[in-house]
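Summary of the model geometry
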Amino acid sequence: MLRINDEAPNFTAETSQGPVSFHEWIGNGWGILFSHPKDFTPVCTTELGYMAKLKPEFDKRNTKIIGLSVDPVDSHSKWAKDIEETQGAAVNYPMIGDPQLKVAKLYNMLPAEAGETCEGRTAATNATVRTVFIVGPDKKIKLMLSYPMTTGRNFDEILRVLDSMQLTSKHAVATPVNWKPGDDVIISGSVSDEDAKKKYPGGWKAPRPYLRIVPQPK
């Protein structure tokens, strides 16, 4: 099973924007891989359209987005027309074709015994192929979220988590419950009070010794 901080499995695949080698495609930035159980499914249609609208926000954060559906690339191209017409946004990022289920299995979204073709499979048999992976510049998995087919994913939350992870990877802080950019943050437990005084000479609020609250670093 894949876990947070494991290296994201590398792969090469055909996409709607040409062949991709995953690690090379991510480059020195961040990457988001989000998967779908089958083309022409209603909930995923809304998700793909919304991600197209959000892409400029991910671009600002040096983050690439890539979709995956357990169907061939030519099917993705047909689906993209429906997405644009119904959601008002054209898919502006690559969609991985996975007709032999290789990537789905590589990322533990389908078991090894699932076979080697998408032919004859339904969205229900691919229900577990509905996961979001955020991968850092070090090519390690930073987040994994899996959803049921009937629940649309909250990609605003994915953007919020990305903001938190990019902030906390740069500064020795953590973000509290329901944090939004600009809110106060928590000094990491790995930072001693002595070192914290150097970084935050103005001090901090501490309702408990282990809970040290400061304004978000610039």
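A brief look at the structure comes next. Remember, it's a predicted structure, so these values are computed and weren't measured experimentally.

So, the sheet that holds strand E11 (residues 211-214)
Strands sit in the order E8-E9-E11-E10 across an open sheet of 4 strands; the sheet is antiparallel. One side of each edge strand has no neighbouring strand; the edge strands of this open sheet are strand E8 (173-174) and strand E10 (205-208). As judged from the 2 bridges shared by E10 and E11, these two strands associate in the antiparallel manner. Following the sheet pairing, Lys-205 is matched in E11 by Ile-213.

Quick notes on unusual backbone geometry
Despite not being glycine, Asn-108 shows a phi value in the positive range, around 60 degrees. Assessed through its relative accessible area of 37%, Asn-108 is described here as partly exposed. Its identity as a non-glycine residue notwithstanding, Asn-178 has a phi of 60 degrees, on the positive side. Following the sequence through the fold, Asn-178 ends up in the loop between E8 and strand E9 (185-187). Note on Asn-178: relative accessible area 58%, which makes it exposed.

Quick word on the nonpolar core
One broad trend across soluble globular proteins is that nonpolar side chains are buried collectively. Counting 25 residues, the largest nonpolar core has Phe-22, Leu-33 and Tyr-107 as the members making the most contacts within it. When residues of this core are traced back to their parent elements, those giving at least two are helix H1 (22-26), strand E4 (63-69), helix H4 (102-106) and strand E6 (131-135). No other element matches H1, which puts 3 residues into this core. What Leu-33 contacts, discounting residues up to four positions off in sequence, is Phe-22, Ile-66, Leu-68, Ile-96, Tyr-107, Thr-131, Val-132 and Phe-133.

Regarding helix H5 (residues 155-170)
Compared with an ideal rise of 1.5 Å per residue, which puts 16 residues at 22 Å, H5 spans 23 Å between its outermost C-alpha atoms and is within 8% of the ideal. Within H5, the full set of buried residues consists of Phe-155, Ile-158, Leu-159, Val-161, Leu-162, Asp-163, Ser-164, Met-165 and Leu-167. The N-terminus of H5 is capped by Asn-154, whose side-chain oxygen sits 3.1 Å from the backbone nitrogen of Asp-156.

Remarks on the state of the cysteines
Applying the stated criterion across every chain yields a total of 0 disulfides. Cys-44 carries a free sulfur, and the closest cysteine sulfur to it, the one in Cys-118, is 15 Å from it. Judged by its relative accessible area of 3%, Cys-44 is buried. Owing to a relative accessible area of 3%, Cys-118 belongs among the buried residues under this scheme.

Brief notes about the pattern of salt bridges
Overall, the coordinates contain 12 salt bridges when judged by the stated rule. Between Asp-163 and Arg-61 there is a salt bridge, with the nearest N and O atoms lying 2.6 Å from each other. Placement of the pair is Asp-163 in helix H5 and Arg-61 in the loop between helix H2 (42-60) and E4, with a sequence separation of 102 residues. Like Arg-61, Asp-163 is buried. When the shortest N-O distance is used, the salt bridge between Arg-212 and Asp-193 registers 2.8 Å.

Some points on H2
In this model, H2 (19 residues) spans 29 Å end to end at C-alpha, consistent with the 27 Å of a helix rising 1.5 Å per residue. Taking the largest bend as the criterion, H2 deviates by roughly 45 degrees, centred on Leu-54, and proline Pro-56 comes between one and four positions later. Within the span of H2, buried status applies to Cys-44, Thr-45, Glu-47, Leu-48, Gly-49, Met-51, Ala-52, Leu-54 and Phe-58. Taken together, the buried residues of H2 touch strand E3 (30-36), E4, helix H3 (73-87), strand E5 (95-97) and H5. Asn-62, located one to two residues past H2, shows a positive phi value of around 55 degrees.

The rules behind the values
- Residues numbered from 1 in each chain as written.
- Predicted model: local features only at pLDDT ≥ 70, side-chain atom pairs only at ≥ 80, totals over all residues.
- Heavy atoms only, no water.
- Pairing = 2+ DSSP bridges.
- Helix = DSSP H or I, 4+ residues; strand = E, 2+ residues; numbered from the N terminus.
- Buried < 20%, exposed > 50% of the residue type's maximum accessible area, 1.4 Å probe, protein only.
- Core = buried A, V, L, I, M, F, W, Y, C linked by side-chain atoms within 4.5 Å.
- Contact = heavy atoms within 4.5 Å.
- Expected span 1.5 Å × (residues − 1).
- Polar contact = N/O pair within 3.5 Å; in protein donor to acceptor, adjacent residues only side chain to side chain.
- Disulfide = S-S within 2.5 Å.
- Salt bridge = Lys/Arg side-chain N within 4 Å of Asp/Glu carboxyl O.
- Bend = angle between axes of the 7 residues up to and from the residue.

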